[in-house]
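Fold and contact review
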Amino acid sequence: MPHADDWTKPGIFEVAPGVHRIPLPLPNDALRSVNVYAIVDAETLVLIDSGWALQNAREGLEQALGSLGCGLGDVRDFFVTHAHRDHYTQAVALRRIFGTPISIGHAEEPSLRAQVDPVRRRLSSQIALLNLHGASDLAQQLSDPRLLARDTSMWEMPDVWFDNGHEIRLPTRTLRVVHTPGHTQGHVVYLDESAGLMFSGDHVLPHITPSIGFEPSPEVLPLGSYLDSLRLVRSLPDLKLLPAHGPVGPSVHQRTDEILVHHDERLIDSLAILREGFRTASEVARELTWTSRGRPFSSLDRQNQMLAVLETAAHLDLLVEQGRTSCAMVGGVRQFEPVGAE
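Here the residue numbers are simple positions, counted from 1 along each chain's written sequence. Totals for whole chains, interfaces and linings use all residues, but because this is a predicted model, local features are given only for residues with pLDDT of at least 70 and pairs of side-chain atoms are given and counted only at 80 or more. Calculated side-chain values reflect all of the structure's heavy atoms, with hydrogen atoms and water omitted.

1. What to know about the pairing of strand S10 (residues 188-192)
Within S10, 5 of the 5 residues are buried, which leaves it mostly tucked inside the rest of the structure. Only protein chains enter the calculation, and the probe is 1.4 Å; a residue is then buried if its accessible area is under 20% of its type maximum, exposed if over 50%, and partly exposed in between. What counts as a helix is a DSSP run of H or I of at least four residues, what counts as a strand is a run of E of at least two, and both are numbered from the N terminus. Burial along S10 is two-sided: the residues Val188, Tyr190 and Asp192 and Val189 and Leu191 are all buried. Here a strand pair is declared whenever DSSP counts at least two bridges between the two strands. Inspection of the sheet shows strand S9 (residues 174-179) paired to S10 by 4 bridges, in the antiparallel sense. The residue of S10 that forms the bridge with Val177 is Tyr190. Examined bridge by bridge, S10 and strand S11 (residues 197-201) share 3 bridges and lie antiparallel to one another. Each bridged residue has a counterpart across the sheet, and for Leu191 the counterpart in S11 is Met198.

2. Remarks on the packing of aromatic side chains
Classification of ring pairs rests on two measures: the distance between centres of Phe, Tyr or Trp rings, Trp counted by its six-membered ring, which must be within 6.5 Å, and the angle between planes, read as stacked under 30 degrees, edge-to-face over 60 and tilted in between. Throughout the structure, instances matching the rule amount to 5 aromatic pairs. Look at Tyr37 and Phe199: their rings are 5.5 Å apart centre to centre, the planes differ by 70 degrees, and that puts the pair in the edge-to-face class. Within this pair, whereas Tyr37 is found in strand S3 (residues 33-41), its partner Phe199 is found in strand S11, the two being separated by 162 residues in sequence. Taken as a pair, Tyr37 and Phe199 share a single burial class, namely buried.

3. A short note on the sheet that holds strand S12 (residues 240-243)
Reading across the sheet, the 5 strands line up as S8-S9-S10-S11-S12 and stay open at both edges, with mixed pairing between neighbours. Whereas interior strands pair on both sides, the edge strands pair on one side only; in this sheet they are strand S8 (167-169) and S12. Strand-to-strand twist across the sheet, computed as the mean angle between neighbouring axes with direction ignored, equals 25 degrees. Interaxial angle, 0 to 180 degrees, is taken between N-to-C directions of lines fitted to C-alpha atoms, where a helix line uses only the stretch in contact.

4. Some details on unusual backbone geometry
Peptide bonds are trans in most cases, and residues, glycine excluded, mostly fall at negative phi. If you check the backbone angles, Arg32 has positive phi at about 75 degrees while not being a glycine. Residue placement: Arg32 occurs in the loop between strand S2 (19-25) and S3. The backbone of Ala42 sits at a positive phi, close to 55 degrees, despite the residue not being glycine. Mapped onto the elements, Ala42 comes out in the loop between S3 and strand S4 (44-48).

5. Examining the pairing of S4
Counting buried positions along S4 gives 5 out of 5 residues, so the element sits mostly inside the fold. Burial along S4 is two-sided: the face carrying Thr44, Val46 and Ile48 and the face carrying Leu45 and Leu47 are both buried. Bridge analysis of S3 against S4 gives 5 bridges, and the strand direction is antiparallel. Considered in S4, the bridge of Ile39 is made with Val46. Between S3 and S4, which pair antiparallel in sequence order, lie 2 residues; one of them, Ala42, sits at a positive phi of approximately 55 degrees. With 4 bridges connecting them, S4 and strand S5 (residues 75-79) associate as parallel partners. Bridge assignment links Val46 to a residue of S5, and that residue is Asp77. Handedness of the crossover joining S4 and S5 through helix H1 (residues 55-66): right-handed. Viewed with both strands pointing away, a crossover whose connecting path from the first strand over the helix to the second turns clockwise is right-handed.

6. What to know about the nonpolar core
What is meant by a nonpolar core is a set of buried Ala, Val, Leu, Ile, Met, Phe, Trp, Tyr and Cys residues, joined one to another through side-chain atoms within 4.5 Å. Core analysis: the largest hydrophobic core is formed by 45 residues, its most contacted members being Leu130 and Leu223. Looking at this core, the elements that each hand over two or more residues are helix H4 (124-132), helix H5 (136-142), S10, helix H7 (222-235), helix H8 (252-274), helix H9 (281-287) and helix H10 (302-321). It is H10 that provides the largest number of residues to this core, a total of 9 residues. The contact definition used throughout considers only heavy atoms, calling two residues in contact when any of these lie within 4.5 Å. If near-sequence neighbours (up to four positions away) are discounted, Leu130 is found in contact with Ala135, Ser136, Leu138, Ala139, Leu142, Met306, Val309 and Leu310.

7. A closer look at the pattern of salt bridges
Should a side-chain nitrogen of Lys or Arg be within 4 Å of a carboxyl oxygen of Asp or Glu, the pair is scored as a salt bridge. Applying the stated rule across the entire model yields 15 salt bridges. A salt bridge links Arg279 to Glu276; its shortest N-O distance comes to 3.0 Å. Of the residues examined, Glu276 reaches a relative accessible area of 54% and is grouped as exposed. What makes Arg279 buried here is its relative accessible area of 16%.

What follows is the structure, given as structure tokens:
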């Protein structure tokens with residue numbers, strides 16, 4: 001297995017008996033790769049996630065499975081953690097060739113219906129939220145028709161909708177589906193409790209925190225859902241972490257605790273900025289620092305500035321829900337201040 005810092009190295013790596021990690025490339029993406037997990041159980045081959053529908057990702061998956069003596073057509077099922085294109089769309093492309101069924105959490109249905117809608121503009125929900133939260137400049141930049149064009153050809157509905165607690169029975173092991181909303185409202189993780197494994201998708205990642213609610217049909221309070229999902233995972237037995245991005249880790253609990261602390265600190269930092277007076281989410285985001293390197297907002301590219309504003313809004317909305325801040329609409333823009341502020 002490669003060094004943890006080199007988790008994107010192409011190939012296939014056994015991470016537990018019968019379980020293999022396959023990093024597949026991503027285009028122009030800071031994440032660089034997405035981990036697909038191949039489970040070989042007796043004569044059955046299933047995949048957790050599928051990768052992005054790209055030629056080099058398909059070739060990488062085909063080569064990796066070939067080292068197991070299998071081909072793309074031997075995959076019995078795709079079990080997908082959530083409906084982002086780096087997890088879902090290659091399954092769609094391969095189903096068109098081999099008929100392999102795709103399964104995903106039921107609460108992903110609104111976003112998938114939006115993805116297959118030929119009329120809907122790309123980023124329409126995000127642009128509306130940017131305007132609501134005082135980032136009209138950024139919304140205008142993202143409203144370029146060339147950026148809003150959508151390719152719906154890579155999107156189709158799944159074959160099976162999983163409900164929370166569903167059990168997937170393989171010849172000698174059982175995977176349990178656990179609904180973990182937040183990153184997306186229908187995100188699920190897959191537990192192989194007898195083997196001590198959690199296929200965590202983007203819910204728990206070893207080096208970064210996932211974006212919150214970045215999806216075509218976002219929920220009202222995504223950070224609240226995400227923190228509840230983290231606490232749910234923390235209440236389960238500790239398992240080995242098999243993430244979608246990053247190296248395999250020994251403890252889901254350890255990383256979950258770190259992410260919970262991060263968001264607690266982010267709430268405190270946001271509240272401190274509000275004590276200086278009414279602020280929009282855009283204004284708060286521009287005063288915070290970003291990434292593990294503490295980068296200023298101005299140094300982020302346009303995509304990450306959008307994510308920063310939306311994540312800040314999610315934190316401020318949660319502070320309102322907790323009764324720690326209040327919110328008022330001023331000229332069609334949401335503004336926040338601490339409860340009790342003079």
